[in-house]
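# Descriptive structure summary
Each chain, written out:
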Amino acid sequence: MTEHETTPEATGDSGTGAVVEETRTVNTPPPVPVASDHPDRWGRVDADGTVYVKTADGERVVGSWQAGEPAEGLAHFARRFDDIRTEVELLVTRLSSGAGDPKHALTSAKHVQESLADAAVVGDLAALAARVEYVLAKAEEGLEAAKAAKDEARAQAGARKLQLVEEAETLANESTQWKAAGDRLRAILDEWKTIRGVDRKTDEQLWRRFSKARDAFNRRRGSHFADLDRQRSVAKTRKQELVEEAEKLVDSDDWGPTAGRYKELMVEWKAAGRAPKEADDALWQRFRAAQDAFFAKRSEAFSERDAEFAANAKLKEELLAEAEHIDPSHDLEAARQQLYKIQERWDAIGKVPRERVRELEGKLRAIEERVRGAVDAQWRRSDPEAEARVAQFRERVEQFEAQAAKARSAGDKRRAEQAEAQAKQWREWLAAAEQAVATR
C-alpha cells in the first residue's frame, strides 16, 4: 500500500523562504496484526519454560516462563508486543492527522526501533519494524514540512516588516497629514510587536530603519509646528495692530474713506493668518466690536441724513412743478432768467435720497434742454456766417451768369456753356444754403 505526499523544501538560492513542491511516494506497510489474538503464530514456550519469538533469521529467546501454563506465558509476551504496537499505531495516527509533533514522533520511533532488536515480546516483529520505519519516514517528512513552513513564515514575517518599514519611511519623508501619519506610525509599531519569527540580524536591521523613520517624522513634525507657532506669533502681533487701528477709527465721521479702510482691514486680517486660537478669538471679538460700532454710528447718521434728503426731494419736486410753466416760445430771455433762478434754488436745496437722484435730475434736465433748444434755434436763425455764405453763393451765381451772357454775345459758344455750367453748380449750392437758413 502506498500514499502520495507533497513535501515542501526551501530553495537555497532565493533567500526568501520560498518553497518548491516535490511529490514523494512513501510505502505504507499493512497494519501490524494483534499478537494476543494468536500468540502461537509468533512464538513458542519449550518444556523448560524458555520463550521464543519467531523472526526472519530464526527463533530468538525473549524470556522464561515458570509461573504457569506455557500458553499463559506466550500470551504475556504477546500483550507486551501489543503495547508497543499500540504506541506505534498512535504515532501513525497522530502523524497522519497532523496533530502529532514530528520531532517527538521521530524520537519515540527511534527509541522503539532501537529496542526491537532485543525486545522481550512475541509478535510479528518484521511487520512492526516496517511500521516503525514508516513512522520514521513520516516524521522526517513532517520535520521537513515544518522547517519549510517555518522558513516561509519567517520570510513572510520579514517581508511584512519590510513593508511596514517602507511605509514608515514614506510617511516620514512625505506626509503632511500630521495626526493621521502619527496614528498610522503607532499602528505600525503595534503590528510590528505581533510579528514573530524574523531572524535576529534582519529584525535588528529593519528595526533600525523603522526607528530612524519615526525619529525623522517626529523631527519634521516638530519643525512644522515650531514654524507654525512662529507664524501664529507673527499673526497675533499683526492682528493686534489691526485691532488697534480699527478701534481708533470708531469715532471717525468721514464715512466713505473710513468704511473703505475697514474693508481693507478685513482683507489684511484674513491675509495675516491664524494666531493661537484663544488669542485669535479674543482679537476677533475686539475687531468685530470696533467695526460694528463704527457702522452702527454711520447707519444712525445716514438715517438722519435720509430724513433730510427726503425733505429736499419734496422741495425739488415743487421746483420742478414751477419750472414746468417756463415757456421759451414767448419770451426767450425771460425763460432763461427764470430757469437760472430755479437752478440756483435747486443747488441750494442740497442732496436728495440716492434712489431719487436720477428721476429728479432727469426731469430738470428735460426742462433745461427745452430752453436750450429754443436758444440754439434762435442763434442758428441769426447766424451771420450762414447769411454771409448765402450772399457769397448768390454773388458767384450772378458772376457766372454774366460771363455766360457776355460769351454768348461774343459768339463764343464754348465759353458760354462753361460759364452756364458753373452758374448751375453755384445755383444748387445757393439753394441748399438758403434752405439751411430757413429751417434753423
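The residue count restarts for each chain, going from 1 along the sequence in the order it is written. Given that the model is predicted, a residue must reach a pLDDT of at least 70 before its local features are reported, and side-chain atom pairs must reach 80 or more before they are shown or counted; all residues, however, enter totals for whole chains, interfaces and linings. As a rule here, side-chain values cover all heavy atoms of the structure and leave hydrogens and water aside.

## Quick word on the packing of aromatic side chains
Only centres within 6.5 Å qualify two rings of Phe, Tyr or Trp (six-membered ring in Trp) as a pair; their planes then separate them into stacked at under 30 degrees, edge-to-face at over 60, and tilted for everything else. Under the defined criterion, the tally for this structure stands at twelve aromatic pairs. Members of the aromatic cluster, each reached through a chain of ring pairs, are Trp 255, Tyr 262, Phe 294 and Phe 295. Above the plane of the ring of Tyr 52 lies Arg 44, whose end atom (NZ or CZ) is 4.3 Å from the centre. Comment: the charge-over-ring label is applied if NZ (Lys) or CZ (Arg) is within 6 Å of the ring centre and within 35 degrees of the ring normal.

## Comments concerning the nonpolar core
Core analysis: the biggest nonpolar cluster contains 33 residues, and Val 51, Phe 81, Val 88, Val 122, Leu 128, Val 132 and Val 135 have the highest contact counts within it. Numbering of helices and strands starts at the N terminus; helices are DSSP runs of H or I of at least 4 residues and strands are runs of E of at least 2. Contributing elements (two or more residues each) for this core: strand E4 (50-55), helix H1 (70-97), helix H2 (102-116) and helix H3 (125-174). In terms of residue count, the dominant contributor to this core is H1 (nine residues). If you look at the next biggest cluster of nonpolar residues, it comprises 18 residues, including Ala 181, Leu 189, Ile 195 and Phe 210. Note on terminology: a nonpolar core comprises buried Ala, Val, Leu, Ile, Met, Phe, Trp, Tyr and Cys residues joined through side-chain atoms within 4.5 Å. Partly exposed residues are those whose accessible area sits between 20% and 50% of the maximum for their type, while under 20% is buried and over 50% is exposed, using a 1.4 Å probe and protein chains only.

## Concerning H1
Between the first and last C-alpha of H1 there are 40 Å, a value that for 28 residues agrees with the 40 Å anticipated at 1.5 Å per step. Positive phi appears at Gly 98, one or two residues downstream of H1, with a value of about 85 degrees. The span expected for a helix works out to 1.5 Å for each residue beyond the first.

## Quick notes on the sheet that holds E4
Taken in spatial order, the three strands line up as E3-E4-E5 in an open sheet, and their pairing is antiparallel. The outermost strands of the open sheet, each flanked by one partner alone, are strand E3 (43-45) and strand E5 (58-64). The sheet shows a mean angle of 25 degrees between the axes of neighbouring strands, direction not considered. Where E4 meets E5, six bridges bridge the pair, whose relative direction is antiparallel. Note on E5: the bridge partner recorded for Lys 54 is Glu 59. We treat two strands as partners when DSSP finds at least two bridges between them. To get an axis, a line is fitted to the C-alpha atoms, and for a helix only the part in contact is used. The angle between two axes follows their N-to-C directions and goes from 0 to 180 degrees.

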